[in-house]
Amino acid sequence: MVLYKVRRLLASLFIRASGTTVVLATAIYVLGSYVFLAAVGESDIVAPGNFIYWLVVTASTVGYGDFSPVTPAGKWVVSLWVIPLGLSLFAMIVTRVGFGVSEFVQRGKKGLRNMSHENHTVIVGWNGSRTLRLIELLLSKTNGDAAEIVLCVEADIENPMPRQIDFVRVESFSHKESMLRASLDKAARIIIDNPLDDVTLTTALFCEQMSPDSHKTAYFQDESVGELLRSHCPKIECIPSVAVELLAKSSLDPGSARLHRQLLDSTYGMTQYSVEYRGETPLPVGALFDHFKHNLSATMIGVRHKGEEKIAINPGLDENVSTGDSLYYIAAKRLPEQRCFDVPSSGNDKTDRDKLGECLTN
């Protein structure tokens with residue numbers, strides 16, 4: 001009974017002890033074992049190639065029996081010092097390591113760990129099932145690369161998808177130290193989606209200051225708030241709610257809502273992508289359209305000229321595409337980067353069109 005209380009006391013002290021204390025106690029145990037065994041003549045056990053191995057095997061209760069004390073005094077040393085203290089230290093170290101691993105896992109679930117990602121996607125805000133659906137779509141479009149997505153929330157929740165994404169809880173979306181735990185300053189993409197437009201607005205302004213080079217998108221229920229943000233931060237892409245527009249469109253042209261959803265959702269098949277033209281020589285839309293359709297099984301649907309906000313849907317075939325313009329197309333999957341788009345010539349400029357693959361990158 002007394003021994004049990006002593007061991008509980010030692011265990012309690014050990015759990016509360018600092019790492020330095022644990023290392024010091026282990027060092028005293030190892031050194032004491034060596035000195036005592038050497039003093040009583042246990043030469044085989046304390047031999048350089050045997051001592052640490054024997055001590056670990058004995059303290060962990062494995063006890064292979066290949067080495068054992070041969071002197072009466074050595075047996076007393078092992079009985080009163082090596083085994084009792086070794087078992088206690090071994091059990092306590094294993095317990096401490098277990099607590100450390102458990103705490104590390106729990107900190108990850110609760111969003112208290114620091115992330116160290118680069119060129120990743122940060123989702124700022126929590127909207128329940130809508131956020132989960134957003135993550136599923138992002139994962140499906142990035143081949144399920146979980147390390148690329150960090151969910152950043154204020155809500156008192158745990159990581160909703162612990163095996164697929166990383167998770168950070170913050171004090172507020174404008175608290176610098178908290179937001180940096182999501183590696184916000186190194187993100188390639190930031191998606192801001194909060195239930196309240198005023199929170200989205202202030203968060204977007206903060207993210208623009210912290211990560212000016214990342215591509216940022218923000219969802220607003222009130223389009224006027226999005227216009228206000230765009231006037232101050234023209235590089236942020238503001239996404240308005242289109243529920244009313246889709247409602248009206250579907251009433252006049254049945255199936256329109258389903259069509260829009262299918263264009264955006266990779267799980268439905270054909271989806272919409274974009275690619276930037278980086279060639280030096282302008283190319284006509286007609287040549288590009290024919291090439292995308294006949295050679296790539298894709299349909300080109302729009303062009304956004306560099307420096308313009310508006311996208312030209314169904315552009316004229318004679319309209320030229322120049323350096324920096326964005327092409328929007330529908331395809332079963334995103335066209336591979338650096339792929340050579342060999343556009344057939346209609347007469348002139350064959351050399352320029354044959355080099356289109358060097359100009360178009362995803």
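The rules behind these values
- Residues numbered from 1 in each chain as written.
- Predicted model: local features only at pLDDT ≥ 70, side-chain atom pairs only at ≥ 80, totals over all residues.
- Heavy atoms only, no water.
- Helix = DSSP H or I, 4+ residues; strand = E, 2+ residues; numbered from the N terminus.
- Contact = heavy atoms within 4.5 Å.
- Areas by Shrake-Rupley, 256 points an atom, 1.4 Å probe, with all protein chains shown as cover.
- Polar contact = N/O pair within 3.5 Å; in protein donor to acceptor, adjacent residues only side chain to side chain.
- Pairing = 2+ DSSP bridges.
- Axes fitted to C-alpha atoms, helices over the stretch in contact; angles between N-to-C directions.
- Expected span 1.5 Å × (residues − 1).
- Buried < 20%, exposed > 50% of the residue type's maximum accessible area, 1.4 Å probe, protein only.
- Core = buried A, V, L, I, M, F, W, Y, C linked by side-chain atoms within 4.5 Å.
- Parallel < 35°, antiparallel > 145°, perpendicular 65-115°, else oblique.
- Left-handed = near helix turned anticlockwise from the far one by under 90°.
- Nonpolar A, V, L, I, M, F, W, Y, C, P; charged D, E, K, R; others polar.
- UniProt positions renumbered as here; feature names shortened; annotations may be inferred.
- Phe/Tyr/Trp six-rings, centres within 6.5 Å; stacked < 30°, edge-to-face > 60°.

Asker: Outline the overall build of the protein, listing residues and values.
Answerer: In terms of helices and strands, the protein carries 12 helices and 13 strands. Residue pairs at least 24 apart in sequence account for 61% of intrachain contacts in the protein once pairs closer than 6 positions are excluded. Taken as a whole, the protein presents about 21300 Å² of accessible surface, with 58% of it coming from carbon and sulfur.

Asker: Describe the environment of Asp193, listing the residues and the values that go with them.
Answerer: For Asp193, the location among the structural elements is in the loop between β4 (189-192) and α7 (197-210). Residues Asp193 and Arg130 lie 63 residues apart in sequence; the distance between their C-alpha atoms is 9.6 Å. Within the structure, the side chain of Asp193 is placed 2.5 Å from the side chain of Arg130, a separation counted as a polar contact.

Asker: Which residues make up the sheet that holds strand β1 (residues 121-124), and what are the values?
Answerer: The strand order across the open sheet built from six strands is β3-β2-β1-β4-β5-β6, with neighbouring strands paired in parallel fashion. Strand pairing shows two members of the sheet lacking a second neighbour, β3 (166-169) and β6 (237-240), which therefore form its edges. The average angle at which neighbouring strand axes cross in this sheet is 20°, direction not considered. Summarising the sheet, strand β5 (residues 215-220) and β6 pair through four bridges and their orientation is parallel. Counterpart to Ala218 in the pairing with β6 is Cys238. Contacting β1, β4 and β5, α7 crosses the sheet at an angle of about 170° to β5.

Asker: Can you break down helix α11 (residues 285-296) residue by residue, with the values?
Answerer: If you check α11, its first and last C-alpha atoms are 15 Å apart, about what 12 residues at 1.5 Å a residue would give, namely 16 Å. Three or more residues of α11 are buried, namely Val285, Gly286, Ala287, Leu288, His291, Phe292 and Leu296. Downstream of α11 by a residue or two, Ser297 has a phi angle that is positive, lying close to 55°.

Asker: Explain the nonpolar core to me, and be specific about the residues and the numbers.
Answerer: Counting residues in each nonpolar core, the largest one holds 26 residues, and the members touching the most others are Met179, Leu184 and Leu229. Counting residues per element, the ones that place at least two in this core are β1, β2 (149-153), β4, α7, β5 and α8 (223-232). Not counting chain neighbours up to four residues away, the residues in contact with Met179 comprise Val124, Cys152, Val170, Ser172, Phe173, Leu184 and Phe206.

Asker: Please give an account of the packing of α7 against α8 that cites residues and values.
Answerer: The contact between α7 and α8 brings their axes to 10 Å, and the two run at 15°. The pairing of α7 with α8 is recorded here as roughly parallel in orientation. As α7 runs across α8, the sense of the crossing is right-handed. Contact residues: Asp197, Leu201, Ala204 and Leu205 in α7; Val225, Leu228 and Leu229 in α8. Of the residues that constitute the contact of α7 with α8, the class distribution is six nonpolar, no polar and one charged.

Asker: How would you sum up the UniProt feature "transmembrane region" (unreviewed entry) in the protein? Please name residues and give values.
Answerer: UniProt's entry tags residues 21-39, 45-64 and 76-99 with the feature "transmembrane region" (unreviewed entry), counted in the numbering of this structure. End-to-end, the C-alpha atoms of residues 76-99 are 34 Å apart, and along that stretch the chain is 100% helix and 0% strand.

Asker: Quick rundown of helix α3 (residues 51-59)? Include the residues and the values.
Answerer: Count 3.6 residues to each turn of an α-helix, and residues three or four apart come out pointing the same way. Within the sequence span of α3, burial applies to Phe51, Trp54, Leu55, Val57, Thr58 and Ala59. Two residues or fewer past α3, Thr61 is found with a positive phi of approximately 65°.

Asker: Describe in detail the packing of helix α9 (residues 243-252) against helix α10 (residues 256-264), supporting the description with residues and values.
Answerer: It is at 7 Å that the axes of α9 and α10 come closest, and there the two elements cross at 125°. Viewed along their axes, α9 and α10 adopt a mutual orientation that is oblique. Only Ser256, Ala257 and His260 of α10 make contact with α9, whose side of the interface consists of Leu246, Lys249 and Ser250.

Asker: With reference to specific residues and values, describe the environment of Val122.
Answerer: In this fold, Val122 is placed in strand β1. C-alpha separation for the pair Val122 and Arg189, spaced 67 residues apart in sequence, amounts to 6.3 Å.

Asker: Hey, could you go over the packing of aromatic side chains for me, with residue numbers and the actual values?
Answerer: All told, the structure shown has six aromatic pairs when counted by the stated rule. On the numbers, 5.9 Å between centres and 35° between planes, the contact of Tyr273 with Tyr329 is tilted. Placement of the pair is Tyr273 in strand β7 (residues 271-277) and Tyr329 in strand β12 (residues 326-331), with a sequence separation of 56 residues. Taking 5.5 Å as the distance between ring centres and 55° as the angle between the ring planes, the aromatic pair formed by Phe292 and Tyr329 counts as tilted. Taken as a pair, Phe292 in helix α11 and Tyr329 in strand β12 lie far apart in primary sequence, 37 residues in all. For Phe292, a relative accessible area of 0% gives the class buried.

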